[in-house]
Amino acid sequence: MAKSAGRKTVSVSRGLIMLCDTCYDQVMADKLTDHKNFVADHDNLFDTICVGCTDINRPLIDDMAGSGE
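Owing to the predicted nature of the structure, the values given are computational and were not obtained by experimental measurement.

A. Structural detail: the overall build of the chain. When helices and strands are counted, the chain shows four helices and two strands. Taken across its 69 residues, the chain has 30% of its residues classed as buried. Accessible surface, the chain: about 4300 Å² in total, of which carbon and sulfur atoms supply 51%.

Listed below in structure tokens is the structure:
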């Protein structure tokens, strides 16, 4: 099972998304965050992150997908 130890976070409208180092680096390289580490385009974020990061953030991702934002 995926663990949250050592993961980095970015903010989205409903909370914090935990990311592995690889996904965090990709999010930063794609410039998906603003100066406060907030990701406004969560759909693009969800398309960028790996399966492991998707799994560990599943409740938040499902909440945001069903929210109509």
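B. Summary view of the nonpolar core. Among the nonpolar cores identified, the biggest contains 16 residues, and Val10, Val12, Ile17, Leu19, Leu45, Phe46 and Ile49 are the most heavily contacted of them. Ignoring any residue separated from it by four or fewer positions in sequence, one finds leucine 45 in contact with Val10, Val12, Ile17, Val27, Leu32 and Val39.

C. Structural detail: the side chain of threonine 54. Note that threonine 54 resides in helix 3 (residues 51-56). A relative accessible area of 16% places threonine 54 in the buried class. Once residues within four sequence positions are removed from consideration, threonine 54 is found in contact with Ile49 and Ile61.

D. Spatial organisation of the pairing of strand 1 (residues 8-12). In this structure, strand 1 lies alongside strand 2 (residues 15-19), joined through five bridges in antiparallel fashion. By the bridge assignment, valine 10 is partnered in strand 2 with isoleucine 17. Between the antiparallel neighbours strand 1 and strand 2 lie two residues.

E. Main features of helix 4 (residues 58-65). Of the residues making up helix 4, those classed as buried are Leu60, Ile61 and Met64. Take helix 4 and look down its axis: the buried residues cluster within an arc of 100°, on one side only. Seen from the buried face of helix 4, the exposed residues on the opposite side, beyond 90 degrees, are Pro59 and Ala65. Buried residues along helix 4 sit against strand 1, strand 2, helix 2 (42-48) and helix 3.

F. Representation of the pattern of salt bridges in the model. Tallied over the entire structure, the rule returns three salt bridges. Here aspartate 21 ties to lysine 8 by a salt bridge, and the two come within 3.9 Å at their closest N and O atoms. One end of the pair, aspartate 21, is in helix 1 (residues 21-29); the other, lysine 8, is in strand 1, and 13 residues separate them in sequence. You can call aspartate 21 partly exposed: its relative accessible area is 43%.

Definitions and limits used
Residues numbered from 1 in each chain as written. Predicted model: local features only at pLDDT ≥ 70, side-chain atom pairs only at ≥ 80, totals over all residues. Heavy atoms only, no water. Helix = DSSP H or I, 4+ residues; strand = E, 2+ residues; numbered from the N terminus. Buried < 20%, exposed > 50% of the residue type's maximum accessible area, 1.4 Å probe, protein only. Areas by Shrake-Rupley, 256 points an atom, 1.4 Å probe, with all protein chains shown as cover. Core = buried A, V, L, I, M, F, W, Y, C linked by side-chain atoms within 4.5 Å. Contact = heavy atoms within 4.5 Å. Pairing = 2+ DSSP bridges. Arc of directions from axis to C-beta. Salt bridge = Lys/Arg side-chain N within 4 Å of Asp/Glu carboxyl O.

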